[in-house]
Amino acid sequence: MKLTALMRFNVAVAAPIEVGPTPTGLRMVANITGGSFDGERLTGRIHASGADWILVDQTGMGRVDVRIVLETHDGANIYVTYGGLLELNERFGQATASGGETRIGELYLMTHLRFETGDPRYQWLNQLLAVGEGRVVPGGIEYQVYELQHG
(Lines give C-alpha, C1' and ligand atoms only; values in the text may rest on other atoms or scores of the structure.)
Protein backbone atom coordinates (compact mmCIF):
# COMPACT_ATOMS: atom_id res chain seq x y z
CA MET A 1 0.00 0.00 0.00
CA LYS A 2 1.15 3.53 -0.68
CA LEU A 3 -0.12 7.02 0.09
CA THR A 4 -0.55 9.50 -2.76
CA ALA A 5 -1.25 13.17 -2.08
CA LEU A 6 -4.91 13.90 -2.86
CA MET A 7 -5.49 17.40 -1.50
CA ARG A 8 -4.97 19.90 1.25
CA PHE A 9 -8.04 21.40 2.80
CA ASN A 10 -8.72 24.12 5.32
CA VAL A 11 -11.92 23.86 7.31
CA ALA A 12 -13.19 27.02 9.03
CA VAL A 13 -14.73 25.98 12.34
CA ALA A 14 -16.94 27.97 14.73
CA ALA A 15 -16.43 27.78 18.49
CA PRO A 16 -17.88 24.49 19.70
CA ILE A 17 -21.29 24.26 21.31
CA GLU A 18 -20.87 22.20 24.47
CA VAL A 19 -23.65 19.68 24.98
CA GLY A 20 -21.99 18.55 28.20
CA PRO A 21 -20.97 15.31 29.80
CA THR A 22 -23.03 12.43 28.49
CA PRO A 23 -22.89 8.72 29.32
CA THR A 24 -20.32 8.28 26.52
CA GLY A 25 -18.15 11.36 27.15
CA LEU A 26 -18.12 15.13 26.76
CA ARG A 27 -20.13 15.97 23.64
CA MET A 28 -19.49 19.12 21.61
CA VAL A 29 -20.69 20.25 18.19
CA ALA A 30 -18.55 22.61 16.11
CA ASN A 31 -20.23 24.05 13.03
CA ILE A 32 -18.26 24.24 9.79
CA THR A 33 -18.43 27.80 8.44
CA GLY A 34 -16.60 27.32 5.14
CA GLY A 35 -13.14 26.69 3.82
CA SER A 36 -11.27 25.63 0.72
CA PHE A 37 -9.38 22.68 -0.75
CA ASP A 38 -6.76 22.21 -3.42
CA GLY A 39 -4.92 19.36 -5.03
CA GLU A 40 -3.85 18.09 -8.43
CA ARG A 41 -7.31 16.63 -9.20
CA LEU A 42 -9.53 18.52 -6.74
CA THR A 43 -9.91 22.23 -6.01
CA GLY A 44 -12.76 24.32 -4.71
CA ARG A 45 -14.56 25.50 -1.61
CA ILE A 46 -16.21 23.94 1.43
CA HIS A 47 -19.87 24.78 1.97
CA ALA A 48 -20.90 26.19 5.34
CA SER A 49 -23.25 23.27 5.87
CA GLY A 50 -21.51 20.71 8.04
CA ALA A 51 -20.28 20.14 11.56
CA ASP A 52 -17.98 18.10 13.75
CA TRP A 53 -19.87 16.08 16.35
CA ILE A 54 -16.87 15.55 18.65
CA LEU A 55 -16.86 13.26 21.66
CA VAL A 56 -14.09 13.68 24.24
CA ASP A 57 -13.20 10.79 26.51
CA GLN A 58 -11.85 10.96 30.06
CA THR A 59 -8.23 10.98 28.81
CA GLY A 60 -8.75 14.11 26.70
CA MET A 61 -8.81 12.29 23.36
CA GLY A 62 -11.45 13.57 21.00
CA ARG A 63 -13.23 11.36 18.51
CA VAL A 64 -14.08 13.52 15.53
CA ASP A 65 -17.15 12.82 13.42
CA VAL A 66 -17.30 15.34 10.56
CA ARG A 67 -19.65 15.73 7.61
CA ILE A 68 -19.05 18.41 4.99
CA VAL A 69 -19.88 19.20 1.37
CA LEU A 70 -17.15 20.20 -1.06
CA GLU A 71 -17.94 22.18 -4.20
CA THR A 72 -15.32 21.76 -6.91
CA HIS A 73 -14.10 24.62 -9.11
CA ASP A 74 -16.28 23.21 -11.92
CA GLY A 75 -19.50 22.94 -9.91
CA ALA A 76 -19.60 19.35 -8.61
CA ASN A 77 -20.80 18.72 -5.05
CA ILE A 78 -19.03 16.02 -3.05
CA TYR A 79 -20.26 14.77 0.32
CA VAL A 80 -17.39 13.91 2.67
CA THR A 81 -17.49 12.13 5.98
CA TYR A 82 -14.49 11.63 8.17
CA GLY A 83 -13.79 10.29 11.58
CA GLY A 84 -10.64 10.10 13.56
CA LEU A 85 -8.80 11.09 16.68
CA LEU A 86 -7.82 14.54 17.96
CA GLU A 87 -5.49 14.87 20.94
CA LEU A 88 -6.80 17.80 22.97
CA ASN A 89 -3.44 18.49 24.59
CA GLU A 90 -1.95 21.71 25.98
CA ARG A 91 -0.56 22.75 22.59
CA PHE A 92 -4.03 22.41 21.03
CA GLY A 93 -5.52 24.56 23.78
CA GLN A 94 -2.86 27.26 23.38
CA ALA A 95 -3.24 27.43 19.61
CA THR A 96 -7.03 27.59 19.61
CA ALA A 97 -7.21 30.10 22.49
CA SER A 98 -4.71 32.48 20.87
CA GLY A 99 -5.80 32.13 17.23
CA GLY A 100 -2.44 30.52 16.56
CA GLU A 101 -1.42 27.34 14.83
CA THR A 102 0.34 24.05 15.36
CA ARG A 103 2.67 22.10 13.14
CA ILE A 104 1.96 18.63 11.82
CA GLY A 105 3.03 16.20 14.53
CA GLU A 106 2.52 18.54 17.53
CA LEU A 107 -0.76 16.83 18.30
CA TYR A 108 -2.32 13.60 17.21
CA LEU A 109 -4.95 14.50 14.61
CA MET A 110 -5.52 11.60 12.22
CA THR A 111 -8.61 10.95 10.11
CA HIS A 112 -10.06 8.51 7.58
CA LEU A 113 -12.24 9.94 4.81
CA ARG A 114 -15.01 8.65 2.53
CA PHE A 115 -16.49 10.50 -0.45
CA GLU A 116 -19.87 10.39 -2.20
CA THR A 117 -20.89 12.17 -5.39
CA GLY A 118 -23.33 11.74 -8.24
CA ASP A 119 -21.24 13.85 -10.64
CA PRO A 120 -19.83 11.61 -13.40
CA ARG A 121 -16.57 13.58 -13.51
CA TYR A 122 -15.77 12.60 -9.93
CA GLN A 123 -17.19 9.06 -9.74
CA TRP A 124 -13.67 7.80 -8.99
CA LEU A 125 -14.03 9.30 -5.51
CA ASN A 126 -16.90 6.94 -4.63
CA GLN A 127 -14.48 3.98 -4.57
CA LEU A 128 -11.60 5.74 -2.85
CA LEU A 129 -10.36 5.56 0.73
CA ALA A 130 -8.25 8.37 2.10
CA VAL A 131 -6.46 9.30 5.30
CA GLY A 132 -5.51 12.69 6.61
CA GLU A 133 -3.27 14.34 9.14
CA GLY A 134 -4.25 17.69 10.55
CA ARG A 135 -3.06 20.73 12.40
CA VAL A 136 -4.63 23.80 13.96
CA VAL A 137 -4.60 27.00 11.89
CA PRO A 138 -6.22 30.34 12.75
CA GLY A 139 -9.99 29.82 12.65
CA GLY A 140 -9.93 26.10 11.95
CA ILE A 141 -8.07 22.97 10.92
CA GLU A 142 -5.85 22.22 7.94
CA TYR A 143 -5.59 18.65 6.69
CA GLN A 144 -3.15 16.97 4.35
CA VAL A 145 -5.16 14.19 2.71
CA TYR A 146 -3.71 11.11 1.04
CA GLU A 147 -5.36 8.51 -1.16
CA LEU A 148 -4.72 4.87 -0.26
CA GLN A 149 -3.44 2.97 -3.30
CA HIS A 150 -2.02 -0.44 -4.11
CA GLY A 151 1.73 -0.71 -4.21
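Structure: see above.
Keep in mind the model is a prediction, meaning the values are calculated, not measured. (Residues numbered from 1 in each chain as written. Predicted model: local features only at pLDDT ≥ 70, side-chain atom pairs only at ≥ 80, totals over all residues. Heavy atoms only, no water.)

## Regarding the overall build of the chain
Basically, it comes down to this: Each helix is a run of DSSP H or I of at least 4 residues and each strand a run of E of at least 2, with the numbering of both proceeding from the N terminus. A radius of gyration in this sense is built from C-alpha atoms; the matching globule rule multiplies 2.2 Å by the number of residues raised to 0.38. Here the term buried applies to any residue with accessible area under 20% of the maximum for its type, exposed to any over 50%, and partly exposed to those in between, with areas from a 1.4 Å probe on protein chains only. By definition, residues are in contact when any of their heavy atoms lie within 4.5 Å. Computed with the Shrake-Rupley method and a 1.4 Å probe, the accessible areas treat only the protein chains shown as cover for residues.
Scanning the chain from terminus to terminus reveals one helix and ten strands. Scaling as 2.2 N^0.38, a compact globule of 151 residues should have a C-alpha radius of gyration of about 15 Å, and the chain matches this with 15 Å. Seen along its three principal axes, the alpha-carbon backbone of the chain occupies a region of about 45 × 35 × 30 Å. In the chain, which comprises 151 residues, the proportion classed as buried is 42%. In the chain, 53% of the contacts between residues at least 6 apart in sequence involve partners at least 24 apart. Accessible surface, the chain as shown: approximately 7,900 Å² in total, 54% of it carbon and sulfur.

## Side note on the pattern of salt bridges
Rules: Each salt bridge in this description consists of a side-chain nitrogen of Lys or Arg and a carboxyl oxygen of Asp or Glu lying within 4 Å of one another.
Scanning all chains against the criterion turns up twelve salt bridges. The partner of Arg67 in a salt bridge is Asp65, and the shortest N-O contact between them spans 3.0 Å. Its relative accessible area of 31% is what places Arg67 among the partly exposed residues. Here the residues in one salt-bridge network are Arg8, Asp38, Glu101, Arg135 and Glu142, joined through shared partners.

## Section: the nonpolar core
Cut-off, in case you're wondering: Buried residues of nine kinds, namely Ala, Val, Leu, Ile, Met, Phe, Trp, Tyr and Cys, make up a nonpolar core once their side-chain atoms join them within 4.5 Å.
Ranked by size, the top nonpolar core spans 34 residues in total, and within it Met7, Phe9, Ile68, Tyr82 and Phe115 carry the most contacts. When near neighbours in sequence (up to four residues on either side) are disregarded, Met7 contacts Phe37, Asp38, Gly39, Leu42, Leu70, Phe115, Tyr143, Gln144 and Val145.

## Structural notes on helix H1 (residues 90-98)
We apply this condition: Whenever two N or O atoms come within 3.5 Å, that pair is a polar contact, provided that in protein one can donate a hydrogen and the other can accept it, and provided that, for residues adjacent in sequence, both atoms are side-chain atoms.
The N-terminus of H1 is capped by Asn89, whose side-chain oxygen sits 3.2 Å from the backbone nitrogen of Arg91. Backbone geometry just after H1 places Gly99 at a positive phi near 75 degrees.

## Considerations on the pairing of strand S6 (residues 61-72)
Remark: a regular strand shows side chains that alternate across the two faces of the sheet. Selection rule: DSSP-based pairing: two strands are paired if at least 2 bridges between them are found.
Both strand S4 (residues 43-46) and S6 contribute to a ladder of three bridges, which runs antiparallel. Bridging from a neighbouring strand, Arg45 pairs with Glu71 of S6. With four bridges connecting them, strand S5 (residues 51-56) and S6 associate as antiparallel partners. Paired with Val56 across the strands is Gly62, a residue of S6. Connecting S5 to the antiparallel partner S6 that follows it, the hairpin turn spans four residues, and Gly60 within it adopts a positive phi of roughly 90 degrees. The antiparallel pairing of S6 with strand S7 (residues 77-87) creates a hairpin that spans four residues between the two strands, and Gly75 there sits at a positive phi of about 90 degrees.

## Description of the packing of aromatic side chains
Each aromatic ring pair is specified by the distance between its two centres and by the angle formed by the two planes. Here is the rule we go by: Here is the rule: rings of Phe, Tyr and Trp (six-membered ring for Trp) pair when centre to centre is within 6.5 Å. Planes less than 30 degrees apart are stacked, more than 60 are edge-to-face, and the remainder are tilted.
Counted according to the given criterion, the structure contains three aromatic pairs. Where Phe9 meets Tyr82, the ring centres are 5.9 Å apart and the plane angle is 65 degrees; that geometry is what we call edge-to-face. Note that Phe9 is positioned in strand S1 (residues 2-13) and Tyr82 in strand S7, a separation of 73 residues in sequence. Look at Phe9 and you get buried, because its relative accessible area is 2%. The buried category is assigned to Tyr82, whose relative accessible area is 3%. Ring centres of Tyr82 and Tyr143 lie 5.2 Å apart, and the angle between their planes is 75 degrees; on these two criteria the pair is classed as edge-to-face. Taken together, the residues Tyr82 in strand S7 and Tyr143 in strand S10 (residues 140-149) connect sequence positions 61 residues apart. Overall, the relative accessible area of 4% leaves Tyr143 in the buried class.

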